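In case you want the letters, here they are:
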Amino acid sequence: MTRAQELIEYIAGVESLAIVCHDNPDPDCIASALALSVIAGESGVEDVELFYGGEISHQQNRAFINLLHLNLEHTKTFDPDEFDRVAFVDHATPAGHTELDVIPDIVIDHHSTETPTGEFVDLRKDYGATTTILVEYLRELDIEVNVQLGSALLFALHRERIDFIREPTPHEYAAALYVCRHADLELLEELYGAAFSPATVDAIGEAIRNRVQRGATLATSAGRTSERDALSQAADYLLNVEGVNTVLVFGIVNGSVEMSARSIDPRVHAGDLLREAFSDVGSAGGHADMAGAQIPLGLFADADADDDELGEFASRRVLNRFFDALHLERNGE
């Protein structure tokens, strides 16, 4: 029996299913949730709802949801008692990458993590995207992929791995080949052309101005911003700087210092690097090539403190911790 068949057997007779995305979900997470909802619906689950926490601030992610007419509810409205089963996609543990503190019944994920609790767990560390796993389910179960789902899955595969050549595996290419004939390629072109918000442009510009380079490593502050996803966009952009193979971009978002790291250096594991530098004062983790971290702003100063003073102090501390973890020259105190 395949894992897809085991999933069908597990949800047989279930009337309601909540599919929970991680906070600030990306296309891989959202497309995986959509695919699981289709599988559940085809299996006779009458009530399937999709939830997310945090915010969806990346312009492509907002366009992704709007153009594909996806219906996601915020976890503020989530009540686990209203559902027979709860599924996590693209994350595995409660209170980790989601603001919810609920134990999932179903976990489908590709991240390298401790084996989560759950009655049905499919954790594939050798896959580059959770979407890939769901495409295999659809294929094995011979479930028709419509234009909405095909477009979502193909876009997610490209944005998660294929576009940036972020260690895609043969599984990602096989999945993309399978779903591409079902996708609306003109719609995908529109998604790639989604406009930057002025706040995103400001944050990326600030990151470019503030960059500090030590050898092949670059770190920078995007200042205070409302656009959390601008940090990852700036990190992707700055990784193109000649001679740079590891990047950290951080900024003050609401009540936290948020960080996004990228690395193409085979000697650097971005997730391990951020854990070493920041796990004692916040949360951190991720892949070898991309990772994130978060530190409560209260560790530096009152969130209402003068922006310039607070930003300078937080920036100095973050830079020092980051360069220390890499055994590189410190930024001056």
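Every value quoted in this text rests on a predicted model; they were computed, and no experiment measured them.

Asker: Could you clarify how one ought to interpret the overall build of the protein in this entry?
Answerer: The secondary structure content of the protein amounts to 11 helices and 12 strands. In terms of C-alpha radius of gyration, the protein reaches 20 Å, essentially the compact-globule figure of 20 Å for 333 residues. Viewed in the frame of its principal axes, the protein has a C-alpha envelope of about 60 × 40 × 35 Å. In the protein, which comprises 333 residues, the proportion classed as buried is 54%. Long-range pairs, those at least 24 residues apart, make up 62% of the contacts in the protein between residues at least 6 apart in sequence. Within the structure as shown, the protein displays about 15,000 Å² of accessible surface, and the carbon and sulfur contribution to it stands at 47%.

Asker: Help me understand unusual backbone geometry, please; the structure alone is not making it clear to me.
Answerer: Backbone geometry at D90 places phi at a positive 70°, although glycine is not the residue there. Mapped onto the secondary structure, D90 falls in the loop between β4 (85-89) and β5 (106-109). Positive phi is not limited to glycine here, since D142 has a value of about 55°. On the basis of relative accessibility, which here comes to 70%, the residue D142 falls in the exposed class.

Asker: Where do I start with the sheet that holds strand β11 (residues 283-286) in this structure?
Answerer: Two pairing modes exist for strands in a sheet, parallel and antiparallel, and in both the strands are linked by backbone hydrogen bonds. With mixed pairing, the six strands of this open sheet are ordered in space as β7-β8-β9-β10-β12-β11. Both outer strands of the open sheet, β7 (212-214) and β11, are each paired with one neighbouring strand and no more. Adjacent strand axes in the sheet meet at a mean angle of 15°, parallel and antiparallel pairs treated alike. The pairing of β11 with strand β12 (residues 290-296) spans four bridges and is classified as antiparallel. Looking at β12, one finds that G285 is bridged to G292. Where helix α8 (residues 198-209) meets the sheet, its contacts fall on β8 (217-224) and β9 (246-253), and the angle it forms with β8 comes to roughly 135°. Contacts from helix α10 (residues 270-278) reach β9, β10 (256-263), β11 and β12 within the one sheet, and its direction differs from that of β12 by about 20°.

Asker: I keep staring at the sheet that holds β5 and nothing clicks. Help me out?
Answerer: Read from one edge of the open sheet, six strands run β3-β2-β1-β4-β5-β6, paired in parallel fashion. Both edges of this open sheet fall to β3 (73-74) and β6 (120-123), since each of them pairs with a single strand only. Here five bridges tie strand β1 (residues 16-20) to strand β2 (residues 47-52), and the two strands are oriented parallel to one another. Following the sheet pairing, S16 is matched in β2 by D47. In the packing of helix α1 (residues 3-11) onto the sheet, the strands contacted are β4, β5 and β6, and the crossing angle to β6 comes to about 155°.

Asker: What exactly am I supposed to notice about the packing of α8 against helix α9 (residues 229-238) here?
Answerer: When two helices pack together, their arrangement is given by the angle between their axes and by how far apart the axes lie. At a minimum axis separation of 9 Å, α8 and α9 run at an interaxial angle of 45°. By the angle between their directions, the pair α8 and α9 is classed as oblique. Crossing of α8 against α9: the hand is right-handed. Contacts from T200, A203, I204, A207 and I208 of α8 reach α9 at A230, Q233, A234, Y237 and L238.

Asker: Help me out: how do you make sense of helix α4 (residues 130-140) in this one?
Answerer: Because an α-helix packs 3.6 residues into every turn, residues spaced three or four apart end up facing the same way. Burial within α4 is extensive, with eight of its 11 residues counted as buried. T130, T131, T132, I133, L134, V135, Y137 and L138 are the residues of α4 that are buried. Packing partners of the buried residues in α4 comprise α1, α2 (27-42), β5, β6, α5 (147-162) and α6 (170-179). Once α4 ends, the next one or two residues include D142, with phi positive near 55°.

Asker: Could you clarify how one ought to interpret the packing of α5 against α6 in this entry?
Answerer: Where α5 contacts α6, the axes come no closer than 9 Å and their chain directions differ by 155°. With respect to α6, the element α5 is oriented roughly antiparallel. Where α5 crosses over α6, the two elements pack in a sense that is left-handed. Where α5 approaches α6, its residues G150, L153, L154, L157, R161 and I162 are matched on the opposing element by E172, Y173, A175, A176 and V179. Taken together, the residues of the contact of α5 with α6 sort by class into eight nonpolar, one polar and two charged.

Asker: Before we go on, may I ask you to explain a negative patch on the surface in this structure?
Answerer: On the surface, E15, E46, D47, D81, E82 and D84 cluster together to form a negatively charged patch. For D84, the location among the structural elements is in the loop between β3 and β4.

Asker: Got a minute to help me understand the pattern of salt bridges in this structure?
Answerer: Any two side chains of opposite charge can pair, so long as their charged atoms come close to each other. Tallied over the entire structure, the rule returns 12 salt bridges. The partner of D265 in a salt bridge is R267, with the nearest N and O atoms 3.0 Å apart. Here D265 falls in the buried class, since its relative accessible area comes to 9%. Connected via shared salt-bridge partners are R3, E6, D122, R124 and E136.

Cut-offs applied
- Residues numbered from 1 in each chain as written.
- Predicted model: local features only at pLDDT ≥ 70, side-chain atom pairs only at ≥ 80, totals over all residues.
- Heavy atoms only, no water.
- Helix = DSSP H or I, 4+ residues; strand = E, 2+ residues; numbered from the N terminus.
- Rg over C-alpha atoms; globule rule 2.2 N^0.38 Å.
- Buried < 20%, exposed > 50% of the residue type's maximum accessible area, 1.4 Å probe, protein only.
- Contact = heavy atoms within 4.5 Å.
- Areas by Shrake-Rupley, 256 points an atom, 1.4 Å probe, with all protein chains shown as cover.
- Pairing = 2+ DSSP bridges.
- Axes fitted to C-alpha atoms, helices over the stretch in contact; angles between N-to-C directions.
- Parallel < 35°, antiparallel > 145°, perpendicular 65-115°, else oblique.
- Left-handed = near helix turned anticlockwise from the far one by under 90°.
- Nonpolar A, V, L, I, M, F, W, Y, C, P; charged D, E, K, R; others polar.
- Patch = residues over 30% accessible without salt bridge, like charges linked within 9 Å, V, L, I, M, F, W, Y side chains within 5 Å.
- Salt bridge = Lys/Arg side-chain N within 4 Å of Asp/Glu carboxyl O.
- Lys, Arg positive; Asp, Glu negative; His and termini not counted.
- Charge placed at Lys NZ, Arg CZ, Asp CG, Glu CD.

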